[in-house]
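# Structure assessment
Each chain, written out:
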Amino acid sequence: MGSYSSSRGIRHSYDWKLIGIYLALVLIGLANIYSSVISSEPSSIFDTSVRSGMQCIWIATSFGLAVLILFIIPARIWETGSIPFYLGVVFLLFAVIFVGSEVKGSHSWFSFGAVKFQPAEISKITTSLVLALIMSQPGFKMAKFGDFAKIALIIGLPMLAILAEKETGSALVYIGFLFVLYREGMSGWILTFIGIIIVLFIVTLTVSPFTAILVLISAILAFNLLQTSHRAINILIAAAVIIALAIIKSINLTLILALAAIPALLYYAYRKRNSFIIASVIAGVVGILFVFSTDIIFNKVLGDHQRKRIEVLLGMKEDPSGVGYNVNQSMIAIGSGGFTGKGYLEGTQTSYGFVPEQSTDFIFCTVGEEWGFVGCLFVISLYFMLILRIINDAEKSREHFTRIYGYCVAACLFMHLFINIGMTIGIMPVIGIPLPMMSYGGSSLWAFTIMIFIFLVLDHQEKKYF
Amino acid sequence: MAVERRGKLIIGLIVACLILIIKIFVIQIVDDKYKINSSNNSMVYEIIYPTRGVIYDRNGEILVGNKMAYDIMVTPREVTPFDTLLLAKTLGTTPEFIRSKMAEYKRDRKKIGFQSVVMMKQVDADTYTSFAEISYLFPGIKGQTRSIRYYPVNAGGNLLGYVSEVDGDYIKKHPDEYRPGDYAGKTGIEASRENDLRGEKGYSIYLRNSKNQIQSRYNDGSLDKEAVPGKDIVTTIDATLQQYGQNLMKNKVGSLVAIEPETGEILALISSPGIDVEQLGEIRKYYSKIAADPYKPMFNRAVQAYYPPGSVFKLVNGLICLQEGTLKETDVYPCYKGYTYATDRKLGCHNHASPLSLQNAIMNSCNAYFCYALRAMLENRKYSSIGEALEKWNEYVNSFGFGHKLGSDFPYELSGTIPSSKTYNKYYGKGRWRFATIVSISIGQGEIGATPLQIANLSAIIANRGWYKIPHLIKDSPNLTIDPKYKEKVYTMVDTTQFQKVIPGMWKAVNAGWGSGATASIASVPGLDICGKTGTAQNPHGADNSVFICFAPMDNPKIAVAAYVENAGFGASWAAPIASLLVEKYLNGEISRPELEDRVLEGDLMSKVKVK
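Residues numbered from 1 in each chain as written. Chains lettered and ligands numbered in written order. Predicted model: local features only at pLDDT ≥ 70, side-chain atom pairs only at ≥ 80, totals over all residues. Heavy atoms only, no water.

### Things to note about the overall build of chain B
Filter applied, for reference: Secondary structure elements are taken from DSSP: a helix is a run of H or I of four residues or more, a strand is a run of E of two residues or more, and numbering for both begins at the N terminus. We call a residue buried when its accessible area falls under 20% of the maximum for its residue type, exposed when it is over 50%, and partly exposed in between, using a 1.4 Å probe and counting protein chains only. Between two residues, a contact is recorded if the distance between any of their heavy atoms is within 4.5 Å. Exposure was quantified through the Shrake-Rupley algorithm and a 1.4 Å probe, taking into account, for residues, occlusion by the shown protein chains and nothing else.
Counting its secondary structure elements, chain B contains 23 helices and 19 strands. Burial analysis of chain B (612 residues in total) assigns 53% to the buried set. Look at the contacts in chain B between residues 6 or more apart in sequence, and 70% of them connect residues 24 or more apart. Of the roughly 27,600 Å² of accessible surface on chain B, 51% is carried by carbon and sulfur atoms.

### A look at the overall build of chain A
The helix and strand inventory of chain A stands at 20 helices and 3 strands. Considering chain A as a whole, with its 466 residues, one finds that 51% of them fall into the buried category. Within chain A, contacts between residues separated by at least 24 positions form 69% of all contacts whose residues are at least 6 apart in sequence. With an accessible surface of roughly 20,600 Å², chain A has 71% of that area assigned to carbon and sulfur atoms.

### Some remarks on the sheet that holds strand β19 (residues 559-565) of chain B
Residue and element names in this part refer to chain B. Quick note on the threshold: Any two strands between which DSSP finds at least two bridges are classified as paired. Axes, fitted as lines to C-alpha atoms, cover a helix only where it is in contact. Angles between the N-to-C directions of the axes lie from 0 to 180 degrees.
As summarised here, the arrangement of the 5 strands in space is β12-β11-β19-β18-β17, forming an open sheet in which the pairing is antiparallel. Each having just a single partner strand, β12 (265-272) and β17 (531-537) make up the two edges of the open sheet. For this sheet the average axis-to-axis angle between neighbouring strands, irrespective of direction, equals 5 degrees. With 7 bridges joining them, strand β11 (residues 254-260) and β12 adopt antiparallel strand pairing. Bridging from a neighbouring strand, Glu260 pairs with Glu265 of β12. Docked against the sheet, helix α22 (residues 575-588) engages β11, β12, β18 (545-552) and β19, running at close to 150 degrees with respect to β19.

### A short note on the pattern of salt bridges
All names here are of chain A. Inclusion rule: Salt bridges, as used here, are contacts in which a Lys or Arg side-chain nitrogen is within 4 Å of a carboxyl oxygen on Asp or Glu.
Counted under the stated rule, the structure contains 26 salt bridges over all chains. The partner of Glu395 in a salt bridge is Arg183, and the shortest N-O contact between them spans 2.5 Å. Highlighted residues: Glu395 in helix α18 (residues 363-396) and Arg183 in helix α10 (residues 177-183), separated in sequence by 212 residues. Accessibility assignment for this pair places Glu395 and Arg183 in one class, buried.

### Some remarks on helix α6 (residues 82-99) of chain A
Worth spelling out the cut-off: The length a helix should cover is 1.5 Å for every residue beyond the first.
Helix length check: α6 of chain A (18 residues) gives 25 Å between terminal C-alpha atoms against 26 Å at 1.5 Å per residue, within 8%. Residues of α6 of chain A that are buried include every one of Ser82, Tyr86, Val89, Val90, Leu93, Ala95, Val96 and Ile97 of chain A, and no others.

### Thoughts on the environment of Glu61 of chain B
Residues and elements named next belong to chain B. Tracing the chain through its elements places Glu61 in the loop between β2 (55-56) and β3 (62-74). Overall, Glu61 belongs to the partly exposed group, its relative accessible area being 32%. Taking the C-alpha atoms as reference points, Glu61 and Val153, 92 residues apart in sequence, are found 9.0 Å from one another. Those residues within four positions of Glu61 in sequence are excluded, and the remaining contacts are Ile55, Tyr56, Val153, Ala239 and Thr240.

### Topic: a nonpolar patch on the surface
Residue and element names in this part refer to chain B. Applicable threshold: Nonpolar side chains (Val, Leu, Ile, Met, Phe, Trp, Tyr) within 5 Å and like charges within 9 Å form the patches, drawn only from residues with over 30% relative accessible area and no salt bridge.
Residues Ile14, Leu18, Ile22, Phe25, Val26 and Val30 make up a contiguous nonpolar surface patch of roughly 490 Å² in combined accessible area. Its location among the elements puts Leu18 in helix α1 (residues 2-30). With a relative accessible area of 44%, Leu18 lands in the partly exposed category.

### A short note on the layout of surface pockets
Residues and elements named next belong to chain A. Selection criterion: Definitions used throughout: a 1 Å grid over protein atoms alone; a cavity as a set of points that fits a 1.4 Å probe which cannot get out; a pocket as an open set with protein on both sides within 12 Å along at least five of seven lines; a lining residue as one with an atom within 4 Å of a point. Grid points are joined across faces, edges and corners, and a volume is the space filled by probe spheres set on the points. Amino acids outside the nonpolar list (Ala, Val, Leu, Ile, Met, Phe, Trp, Tyr, Cys, Pro) and the charged list (Asp, Glu, Lys, Arg) are all regarded as polar, and Gly is one of them.
What the second largest pocket holds in volume is close to 1,100 Å³. Taken together, 36 residues form the lining of the second largest pocket, with Ile217, Ile220, Leu221, Ala261 and Leu265 sitting closest to its centre. Put simply, the parts of the chain that give the lining of the second largest pocket at least two residues each are α12 (209-227), α13 (231-248), α14 (251-272) and α15 (275-301). Looking at the lining of the second largest pocket, the element that brings in the most residues is α14, giving 10 residues. Here the residues of the lining of the second largest pocket are counted per class, giving 25 nonpolar, 10 polar and 1 charged.

### A few points about the pairing of β12 of chain B
Counted residue by residue, β12 of chain B has 8 buried out of 8 residues, so it is predominantly covered. Between β11 of chain B and the antiparallel strand that follows it, β12 of chain B, lie 4 residues; Gly264 of chain B among them carries a positive phi value of about 75 degrees.

### A look at the packing of α12 of chain A against α15 of chain A
Residue and element names in this part refer to chain A. This is how the line gets drawn: Here is the rule for angles: anything less than 35 degrees is roughly parallel, anything more than 145 is roughly antiparallel, 65 through 115 is roughly perpendicular, and the remaining ranges are oblique. Here is the rule for handedness: rotate from the far helix to the near one, and if that takes an anticlockwise turn smaller than a right angle the crossing is left-handed, while a clockwise turn gives right-handed.
Where α12 meets α15, the closest approach of the two axes is 10 Å, and the angle between their N-to-C directions is 170 degrees. Compared by their axis directions, α12 and α15 come out roughly antiparallel. Taken as a pair, α12 and α15 cross one another with a handedness that is right-handed. In this structure, α12 uses Pro209, Ala212, Ile213, Leu216, Ile220, Phe223, Asn224 and Gln227 to contact α15, whose residues at the interface are Phe276, Ile277, Ser280, Ala283, Gly284, Gly287, Ile288, Val291 and Phe292. Here the residues of the contact of α12 with α15 sort into 12 nonpolar, 5 polar and no charged.

### Focus on helix α23 (residues 594-602) of chain B
Residue and element names in this part refer to chain B. Quick reminder of the rule: The arc in question is the one spanned by the directions pointing from the helix axis to the C-beta atoms.
For α23, the complete set of buried residues consists of Leu596, Glu597 and Val600. Along the axis of α23, the buried residues cluster in a sector spanning 100 degrees; they form a single face. Seen from the open side of α23, the exposed residues pointing more than 90 degrees away from its buried face are Glu595 and Glu602. Lining the buried residues of α23 we find α11 (239-248) and α22.

### Some thoughts on the packing of aromatic side chains
Residues and elements named next belong to chain B. Applicable threshold: Here a pair means two rings of Phe, Tyr or Trp (six-membered ring of Trp) with centres within 6.5 Å. Their orientation is stacked below 30 degrees between planes, edge-to-face above 60, and tilted elsewhere. Criterion for a charge above a ring: Arg CZ or Lys NZ at most 6 Å from the ring centre, at most 35 degrees from the ring normal.
One pass over the structure, following the stated rule, counts 31 aromatic pairs over all chains. Both rings, one in Tyr333 and one in Tyr372, keep their centres 5.0 Å apart while their planes meet at 10 degrees; by these two values the pair is stacked. You can see Tyr333 sitting in the loop between α15 (314-324) and β13 (338-342) and its partner Tyr372 sitting in helix α17 (residues 367-378), a full 39 residues away along the chain. A network of ring pairs unites the aromatic residues Tyr333, Tyr339, Tyr369, Phe370, Tyr372 and Phe435 as a single cluster. If you follow Lys392 out to its NZ or CZ, it ends over the ring of Tyr396, 5.8 Å from the centre.

### With respect to the confidence of the model for chain B
Applied cut-off: Values of pLDDT, ranging from 0 to 100, describe the predictor's confidence in every residue of the model.
Taken residue by residue, chain B gives an average pLDDT of 87. The fraction at 70 or more is 94%. Here the predicted complex scores 0.59 on pTM and 0.88 on ipTM.

### Some words on the environment of Gly254 of chain B
All names here are of chain B. Among the secondary structure elements, Gly254 is positioned in strand β11. Taking the relative accessible area as the measure of exposure, Gly254 reaches 0% and is therefore buried. Once the C-alpha coordinates of Gly254 and Pro452 are considered, the two residues, 198 residues apart in sequence, prove to be 8.7 Å apart.

### A closer look at the packing of helix α7 (residues 119-135) of chain A against helix α8 (residues 145-164) of chain A
Residue and element names in this part refer to chain A. Contact pair α7 / α8: the axes reach a minimum separation of 10 Å and the direction vectors enclose 175 degrees. Put simply, α7 runs roughly antiparallel to α8. Between α7 and α8, the contacting residues are Ala120, Ser123, Thr127, Val130, Leu131, Ile134 and Met135 on the first element and Lys150, Ile151, Ile154, Ile155, Pro158 and Ile162 on the second. The residue makeup of the contact of α7 with α8, split by class, is 10 nonpolar, 2 polar and 1 charged.

### A word on the nonpolar core
Applicable threshold: In this description, a nonpolar core means a group of buried Ala, Val, Leu, Ile, Met, Phe, Trp, Tyr and Cys residues linked to one another through side-chain atoms lying within 4.5 Å. Residue ranges labeled as domains rest on an automatic or database domain assignment.
Counting 115 residues, the largest nonpolar core has Phe364, Tyr405, Leu413, Ile421, Met437 and Ile454 of chain A together with Ile24 of chain B as its most contacted members. Counting residues per element, this core draws most heavily on helix α19 (residues 400-424) of chain A, which supplies 17 residues. The two domains that each donate at least three residues to this core are domain 1 (1-63 + 319-466) and domain 2 (74-186) of chain A. Not counting residues within four places of it along the chain, the set of residues in contact with Met437 of chain A comprises Tyr22, Leu25, Val26, Gln55, Leu386, Leu413, Leu445, Phe448 and Ile452 of chain A. Counting residues in each nonpolar core, the second largest holds 104 residues, with Phe400, Tyr424, Cys531 and Phe551 of chain B among its members.

### Quick notes on the side chain of Asp196 of chain B
All names here are of chain B. Convention followed: Whenever a nitrogen or oxygen atom comes within 3.5 Å of another N or O atom, the pair is scored as a polar contact, on the condition that within protein one atom can donate a hydrogen and the other can accept it, and that pairs from neighbouring residues in sequence are kept only if both atoms are in side chains.
In this structure, Asp196 sits in helix α10 (residues 194-197). You can call Asp196 buried: its relative accessible area is 16%. Of note is the side chain of Asp196, whose polar atom sits 2.9 Å from the side chain of Arg193. Residue contacts for Asp196: discarding those within four places in its chain leaves Gly230, Lys231, Ile233 and Leu480.

### Some remarks on the environment of Ile290 of chain B
Residue and element names in this part refer to chain B. Its place among the elements puts Ile290 in helix α13 (residues 283-292). In this structure, the C-alpha to C-alpha distance between Ile290 and Gln279, residues 11 residues apart in sequence, is 8.9 Å. Those residues in contact with Ile290, other than ones at most four positions away along the chain, are Ile275, Gln279, Ile283, Pro297 and Met298.

### Topic: the state of the cysteines
Residues and elements named next belong to chain A. The condition is simple: Criterion for a disulfide: a pair of cysteine sulfur atoms within 2.5 Å.
As enumerated under the stated definition, the model contains 0 disulfides over all chains in all. Unpaired in this structure, Cys376 has its nearest cysteine sulfur neighbour in Cys365, at a distance of 9.4 Å. Not engaged in a disulfide, the cysteine Cys412 finds its nearest cysteine sulfur in Cys408; these two sulfurs lie 6.7 Å apart.

Spelled out as structure tokens, the structure:
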């Protein structure tokens, strides 16, 4: 990180290491796209009739965009223009629902002849910019209801539109903004609570609602006990209660006991002025209600294909040739790579077309199969360094706008990374979102390029002035 | 606070990345499961189809063999532009056909992937040879040999059954056993002996590289599996006799069954009209025609239709009455052109001398005699009621193989019906029926239904003097042992000594000479000592059915036959000549009565049979 403090010349004022990692990922992506298409349609890497050739065009145009952003477009525009950009993109997000062309069941693409464009990709950038703008205003406080509502609206609006476009995966990425909010002062308990809700959902579906409630009560007790002074005794008592309930195994009795405990707890909290207990009680009630509505959410709210993917992921159903096919084939491909892989262009699983969407959403399979564990570790490390570098640069910036925007970029990259790779190795449901920079596709590559280079130019901007 | 939160977020990031890396480590290095699966994907199993077992007749003659056919296979991914006209000419088809097929593969290319698909099924050897010579011009198109069924003699189409490609339902019913493109027996012996006949598929394993080219044999072929050919099957059928029987039954509706009494082996079993073996070979071509035929050639009447046996059943009643002691060989009963069972009701009979003894009653097929006899049995004081007596009668009849499935090796054998007191209680109410009500069972009519196989078995029982072995179609052979139940003697409830008392009657029926009143003189063949019994069974749909059972020679019989011809009139008019010709052919190998043979072979009774 010496670059920032030691020199202000142009060679050092851009974060060249960040750009280097970006380039490495783009080129690794291209190499793997070429490998994934080569055996079915052998040709040169630059042949534009196949995907690897097209990706060359996308990469070249992305570099053009990068140059534009770094050297031509005035950097101030990202801050001053963020609201019009945001509103324009939200308009497009809603418009595409009605006039967009359907691709694989989702209405999220504009078609201009051969060129297709997905506004959902761009909306991550504009949402990040507006979030950075609003949250960097003097006097902004996360704890103020009005401010919090504003942020919820900014994130919620595009998310809703994207859900309506049936692009669940892209909508899920917006959950990543919670990390940004946390960094900017949102209570960590909200993240914790969301984590607990996810655990409850899984436990309810795979084990039983009763176990889920026990988990919930145990978690709440545990968090409360960590706040008190007489830990040892209280922990023993709490553990005894939980074990007793687990042995009795009566969901009704547990609920009656919980209901009876609520007034007592509230009274105790009031006397002691302990708002943590009040919040715990509310969290407990919401959690229990959630457990009982899980069935409804699972069976009624979720679409058929989403439900099936979750069922396969949680092992509730085995379906290796149906919904589970993609994941099964993808895990076979990665698993067959072993420690060092089969060698570049030597993969059999990905190139025979066993793995579907092999050059887009499942590009990581090619890495896993041909480069093995070593390759996977290398690629994940690159992403880790990319995100870490963005976070560190963001922390160092003087402008709140740059910092918050940087965190937004890091959060989006992280969500894409975790969901995409998680999906190929069977720890996330099959959600079609691309692996940043590596997956085939112009929309996605352009979006991440713009997103990262805006951060680079903002970062550079600061170094210029200070 | 800010720094602390950054730290927590970075810790979170590290944890998330570790989760990914650990899971990847597990599936790439720890868990073997995915590697094994992966080798399944990159190994190419080339299936080697076994040859299906050959089906022989009892004398070692081939009934069903195998011959080579060639399928033209296409691997669309490997096809390069080719001369469509030349290919079409070579394969004897049109360029349009080839183009439409290629267009179809292009459309389905995602689904087909790297697999091969069949473009033309079963082209003949000449076409295949001329294609093979120039096949190097058509990469991605190759021939695959496959053995298909062939039938050297037209014998036993219905018994043998056909083989055809398995469909989705069939695969579902036999999970893990069949794959699309496999063949399986669907009817007859092909179906009932599928597990023996099909053999085991083998495979050769090849490895392919990332360009999907076959690289080498996996492990030098050490893990390849040879196909195990299907087991050959020897049937009890006599091909010559079966073929002759088919000719005799041509243009008649009914069944002809011949059994070797001593072993229970079925020598011939004809259901007419039936299926020619030529149709079996190309069942797909003929299927709709066969299904639409009003005479139902697919329907095996010999085991699946039941008919009133008519007068041949008098033998059973006579034997039961003898065993019960209510009838003696010497008993005579009068007949005044029938049996009057109510003041104004009479079961008619034809003209013959009266009164008659048992043997002459059999010879003349007197209705009245057996009515008197059965009445004496059913109204025997020994039994508390006619109901109880009828139950006993039912038991006796069942011991003759009627009223239940014989247990033969036909998959779809039917049981027939023999009335019991329950039957009549249901029809008339308990205590509201008496002998007069059920008199028609005395002469094998009424509620009695029997399959031609059961009737033939009756003939075998009498030939054996009181026992049978379950009639069957498959013999022991070097690699196949049949169920021991087919080798056990099954005795009737009638003592073997009683049978001696009725057999002379049957001999007389055939051999007493014209003018004696014997009903089956037409069946007589000098020197063969045929014993027989005619039957004329009422058929509600038109003329009477013609029935005849016989066995020969009288002592140490070699063959027992039942002929059942629908709507053909008296037993003596068609069934007796057909059965006796079959016996003569089997025992003498030639026919001494060419005029009778011509009459039977040319006789066409189809117009008499009403079809729905």
